[in-house]
Amino acid sequence: MNETLQRFEKMLESSEQEFVDLETFEKVTGHYMEMGDWEKALLACDRGLADFPYSLDLILSKVQVLANKGDHEQAHELLDRAALFHPGDVEITFMQVALANMVGDFEEAVELLESLAYRVDDQDEIYFQLGQTYQNAGKLEEAVGYFKKTLAHNLDHEDALLELTHCLEMLGQLESHLDYYTDLVDQAPFSWLAWFNLGVAYRRLDRNIDSVQALEYAILIKEDFASGYFQLGNAYMSLEKFEDAKAQYLIALKLEDDQPEIHCCLGTCYERLEAYDQAIKCYQKTVKLDPMWDDGWYGLGICFNELERWYEAVGFFRRAIQITALNPDYWLALAETEFKVGNVISAFEAFEKAAEIEPSNPEIWLKWSLVLFEQGNYARAIDLLQAAIEDLPEEADLYYHMAVYHIHSGDYREALIFLETALTLDYDGHIQLFDFFQELDKQKALYKIIEQYRQ
């Protein structure tokens, strides 16, 4: 393939006419499309169609390239011409469906698919594409119905199983459909796909122990099932069984070509195991494979932060934010790290941005107020949390911190009011108070008040 590509690109550079057979043009075009290099893919299509003007594969490839480049009108015209040369060809109709979906003409896509119902043997594919069309149109209930019809015809339709799970999750109906998934397993107890999707459904519902059991059946049936090992690793991560998760991710990597997602998850696993050097290697591999994988840059920032290499961590967090600016976790991590290196103004700007993105996250307000508290600016810390409490009146931790800040500012009456509210909301949360007071006398005084609320 490399030799073929080199020969083709040399031909483009020199503008020399050289005979290339149809199969080679198809392979070269397919390679560039897979790489997302639409310009070279279009050149390959045009060169191929110059010699083989009636090749349906090249015509359909060119239509797909034009559509991906946003030239939908030219793509439609080309398809209409193809229909003259290849009347009644179902591949042309399928491409028309894809184009209709791309431009949002979902009614036309449905009509085209319904016209194919009596012309193709694989009814499951028609049902699946109808499901996808309704999903694209935001009609999830209808999509669920067609994905179920797909599976009734072909239980091994992997994409239908995955899209069904996604739609049910969006509709909030995943739990009510667990019987449906268990019925699929009962119908085909040796279907690795059925077990896999039951495991995925359990995991989406945070039933991770059940998820582990189902996914283990999936990989027992299909030992080379990379996605099964990957999802099993995710389930173990949720259970905080990091060694078990690591083992599954490593198997998934052996079975799959280098995937940034697997490297990134493995990096997170090493990070939780405090093996930061190993985690850094995984995250570096992630961003090398895909420089736009923001979680990889964020993971590098976390690791360098743990190693107290804060200046480097700041750079990694900022790189993650360049890719995904609306992730509050990235801004919060940046804020804390900027403060550690003494960039107080930048830290406050980052805290403010995190709170703007996710004002309902109490962790942002608590960490922001702690920075002010550590500066000795108790009044501003109190004002900040007071604003947070107005929006989050049920968050006990906000009241515990308010009690601490008022004690340090000498306002014991207000401190007692906030402490009483915190104890009422979450009595067990009082343990955090003792981190702020090392003096035994103050601890004893607090303990007496806390004891009164034990009941």
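None of the values given here were measured: they were computed from a predicted structure.

K.L.:
Tell me what's going on with the overall build of the chain, and back it up with residues and numbers.
P.N.:
Counting its secondary structure elements, the chain contains 26 helices and 0 strands. Against the compact-globule benchmark of 23 Å for 455 residues, the chain has a radius of gyration of 29 Å, which places it well outside the compact range. Based on the C-alpha atoms only, the size of the chain along its principal axes is roughly 90 × 55 × 40 Å. The buried share of the chain, reckoned over its 455 residues, is 47%. A fraction of 48% describes how many contacts in the chain between residues 6 or more apart in sequence connect residues 24 or more apart. For the chain, the exposed area adds up to about 24000 Å²; of that, 47% sits on carbon and sulfur atoms.

K.L.:
Go over helix H6 (residues 90-102) with me, naming the residues and quoting the values.
P.N.:
When the terminal C-alpha atoms of H6 are compared, their 19 Å separation across 13 residues agrees well with the 18 Å that a helix rising 1.5 Å per residue should span. Taken together, the buried positions of H6 are occupied by Ile92, Thr93, Phe94, Met95, Gln96, Val97, Leu99, Ala100 and Asn101. On its buried side, H6 packs onto helix H4 (56-68), helix H5 (72-85), helix H7 (106-116) and helix H8 (123-136). Positive backbone phi, approximately 85°, marks Gly104, located one or two places after H6.

K.L.:
I'd love a proper account of the pattern of salt bridges, names of residues and values included.
P.N.:
One pass over the structure, following the stated rule, counts 13 salt bridges. Note that Glu169 is salt-bridged to Arg204, the shortest N-O span being 3.0 Å. Of this pair, Glu169 sits in helix H10 (residues 158-171) while Arg204 sits in helix H12 (residues 192-204), placing them 35 residues apart in sequence. The class of Glu169 is partly exposed, set by a relative accessible area of 36%. You can call Arg204 partly exposed: its relative accessible area is 39%. The salt bridge partner of Glu312 is Arg309, with a shortest N-O separation of 2.8 Å. Linked by salt bridges that have partners in common, Glu336, Glu363 and Lys367 make up one network.

K.L.:
I'd like a rundown of a negative patch on the surface, residues and numbers included.
P.N.:
Judged by side-chain charge, Asp105, Glu107, Glu108, Glu111 and Glu114 come together as a negatively charged surface patch. Within the secondary structure, Asp105 sits in the loop between H6 and H7.

K.L.:
Describe the confidence of the model for the chain, with residues and values.
P.N.:
Confidence in the prediction for the chain averages 89 pLDDT; 96% of positions are at 70 or higher. For the chain, per-element mean pLDDT is lowest for helix H1 (residues 2-14), which scores 70, and highest for helix H18 (residues 294-306), which scores 97.

K.L.:
Describe the packing of aromatic side chains, naming the residues involved and giving the relevant values.
P.N.:
Summed over all chains, the structure comprises 18 aromatic pairs. Here the aromatic cluster, defined as three or more aromatic residues joined through ring pairs, consists of Phe373, Tyr378, Tyr405 and Phe436. One Lys or Arg, Lys222, reaches over the ring of Trp192 and ends 5.0 Å from the middle of that ring. Sitting over the face of the ring of Phe348, Arg380 holds its NZ or CZ atom 5.4 Å from the ring centroid.

K.L.:
Pulling in residues and values, what's your account of H7?
P.N.:
Considered for burial, the residues of H7 that qualify are Ala109, Val110, Leu112, Leu113 and Leu116. The buried residues of H7 occupy one face: seen down the axis, they fall within an arc of 165°. Opposite the buried face of H7, by more than 90 degrees, sit the exposed residues Glu107 and Glu111. On its buried face, H7 sits against H6 and H8.

K.L.:
Break down the environment of Ile302 for me, citing the residues and quoting the values.
P.N.:
By the secondary structure assignment, Ile302 is in helix H18. A C-alpha to C-alpha distance of 43 Å links Ile302 and Leu99, two positions 203 residues apart in sequence.

K.L.:
Lay out the packing of helix H15 (residues 242-255) against helix H16 (residues 260-272) in plain terms, naming residues and giving numbers.
P.N.:
The angle between the axes and the distance between the axes are what describe a pair of packed helices. Two elements in contact, H15 and H16, have axes whose closest approach is 9 Å; the angle formed by their N-to-C orientations is 155°. With respect to their mutual orientation, H15 and H16 come out roughly antiparallel. Between H15 and H16 lies a crossing whose hand is left-handed. The residues of H16 that touch H15, namely those facing Phe242, Ala245, Lys246, Tyr249, Leu250, Ala252 and Leu253, are Ile262, His263, Cys265, Leu266, Cys269, Tyr270 and Arg272. Across the contact of H15 with H16, the residue classes tally to 11 nonpolar, 1 polar and 2 charged.

K.L.:
Pulling in residues and values, what's your account of unusual backbone geometry?
P.N.:
Even without glycine at this site, Asp206 takes up a positive phi of about 65°. Note on placement: Asp206 falls in the loop between H12 and helix H13 (208-221). Note on Asp206: relative accessible area 62%, which makes it exposed. With a phi angle near 60°, Glu308 is a residue other than glycine that sits in the positive phi range. By secondary structure assignment, the location of Glu308 is in the loop between H18 and helix H19 (310-323). Judged by relative accessible area, which is 56%, Glu308 ranks as exposed.

K.L.:
Lay out the packing of helix H23 (residues 378-391) against helix H24 (residues 396-408) in plain terms, naming residues and giving numbers.
P.N.:
Running from N to C, H23 and H24 cross one another at 155°; their axes reach a closest spacing of 10 Å. By the angle between their axes, H23 is roughly antiparallel relative to H24. For the crossing formed where H23 meets H24, the hand is left-handed. Across the interface between the two elements, Tyr378, Ala381, Ile382, Leu385, Gln386, Ala388 and Ile389 of H23 pack against Leu398, Tyr399, His401, Met402, Tyr405, His406 and His408 of H24. Here the residues of the contact of H23 with H24 sort into 10 nonpolar, 4 polar and no charged.

K.L.:
For the side chain of Ser61, give the residues involved together with the corresponding values.
P.N.:
Looking at the secondary structure, you find Ser61 in helix H4. By relative accessible area, which is 18% here, Ser61 ends up buried. Residues within four places of Ser61 in sequence aside, it is in contact with Thr29, Met33 and Cys45.

K.L.:
Before we move on, can you summarise a nonpolar patch on the surface with the specific residues and values?
P.N.:
A contiguous nonpolar patch, built from Phe190, Tyr217, Leu220 and Ile221 and spanning about 460 Å² of accessible area, is present on the exposed surface. Here Leu220 is to be found in helix H13. The class for Leu220 is exposed, based on a relative accessible area of 61%.

Criteria and thresholds
Residues numbered from 1 in each chain as written. Predicted model: local features only at pLDDT ≥ 70, side-chain atom pairs only at ≥ 80, totals over all residues. Heavy atoms only, no water. Helix = DSSP H or I, 4+ residues; strand = E, 2+ residues; numbered from the N terminus. Rg over C-alpha atoms; globule rule 2.2 N^0.38 Å. Buried < 20%, exposed > 50% of the residue type's maximum accessible area, 1.4 Å probe, protein only. Contact = heavy atoms within 4.5 Å. Areas by Shrake-Rupley, 256 points an atom, 1.4 Å probe, with all protein chains shown as cover. Expected span 1.5 Å × (residues − 1). Salt bridge = Lys/Arg side-chain N within 4 Å of Asp/Glu carboxyl O. Patch = residues over 30% accessible without salt bridge, like charges linked within 9 Å, V, L, I, M, F, W, Y side chains within 5 Å. Lys, Arg positive; Asp, Glu negative; His and termini not counted. Charge placed at Lys NZ, Arg CZ, Asp CG, Glu CD. pLDDT = per-residue confidence, 0-100. Phe/Tyr/Trp six-rings, centres within 6.5 Å; stacked < 30°, edge-to-face > 60°. Lys NZ or Arg CZ within 6 Å of the ring centre and 35° of its normal. Arc of directions from axis to C-beta. Axes fitted to C-alpha atoms, helices over the stretch in contact; angles between N-to-C directions. Parallel < 35°, antiparallel > 145°, perpendicular 65-115°, else oblique. Left-handed = near helix turned anticlockwise from the far one by under 90°. Nonpolar A, V, L, I, M, F, W, Y, C, P; charged D, E, K, R; others polar.

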